[in-house]
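Given next are the chains, with one letter for each unit.
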Amino acid sequence: MGDTLEVGLMITPETPGRPRVLNPFESPSDYHSLHESIVASPSVFKSSRTSSATPGKFKWSIDQIASLNPVDIDPEDIHQQSLYMSQVRTDTEIEDRRQKAIEEV
């Protein structure tokens, strides 16, 4: 009865039935190409000014600018501007030109 059966199980990467552990940041071809010199194409560093993939001119909206760079406005300034605007007659054509100039900036 003193007989004990010792079963030793050695698990190694080559053990059948166990999935192989791979580094997700390496590929098998990485090891084979390490001895090769890497020569980049000269056109990689060439800047292309006329690229059709370049999007048009980027423009922030007034709401985005206000949230990125808020400005404190004094209530007294608002009151003074209100008084001034109530006394001055604005021409719609002049106002349209002003609005267009604001939008172009």
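These notes cover the structure that comes with them. (Residues numbered from 1 in each chain as written. Predicted model: local features only at pLDDT ≥ 70, side-chain atom pairs only at ≥ 80, totals over all residues. Heavy atoms only, no water.)

This brings us to the overall build of the protein chain. Within the protein chain, the regular secondary structure consists of four helices and zero strands. Scored against the burial criterion, the 105 residues of the protein chain give a buried share of 0%. (Helix = DSSP H or I, 4+ residues; strand = E, 2+ residues; numbered from the N terminus. Buried < 20%, exposed > 50% of the residue type's maximum accessible area, 1.4 Å probe, protein only.)

On to the packing of aromatic side chains. In total, this model carries one aromatic pair according to the counting rule given. Look at F58 and W60: their rings are 5.0 Å apart centre to centre, the planes differ by 85°, and that puts the pair in the edge-to-face class. (Phe/Tyr/Trp six-rings, centres within 6.5 Å; stacked < 30°, edge-to-face > 60°.)

What follows deals with the pattern of salt bridges. Tallied over the entire structure, the rule returns one salt bridge. We note a salt bridge from E95 to R98, for which the minimum N-O separation is 3.9 Å. Of this pair, E95 and R98 both sit in helix α4 (residues 92–104), separated by three residues, roughly a single helical turn. When its relative accessible area of 34% is taken as the criterion, E95 is described as partly exposed. R98 sits in the partly exposed class, given a relative accessible area of 47%. (Salt bridge = Lys/Arg side-chain N within 4 Å of Asp/Glu carboxyl O.)

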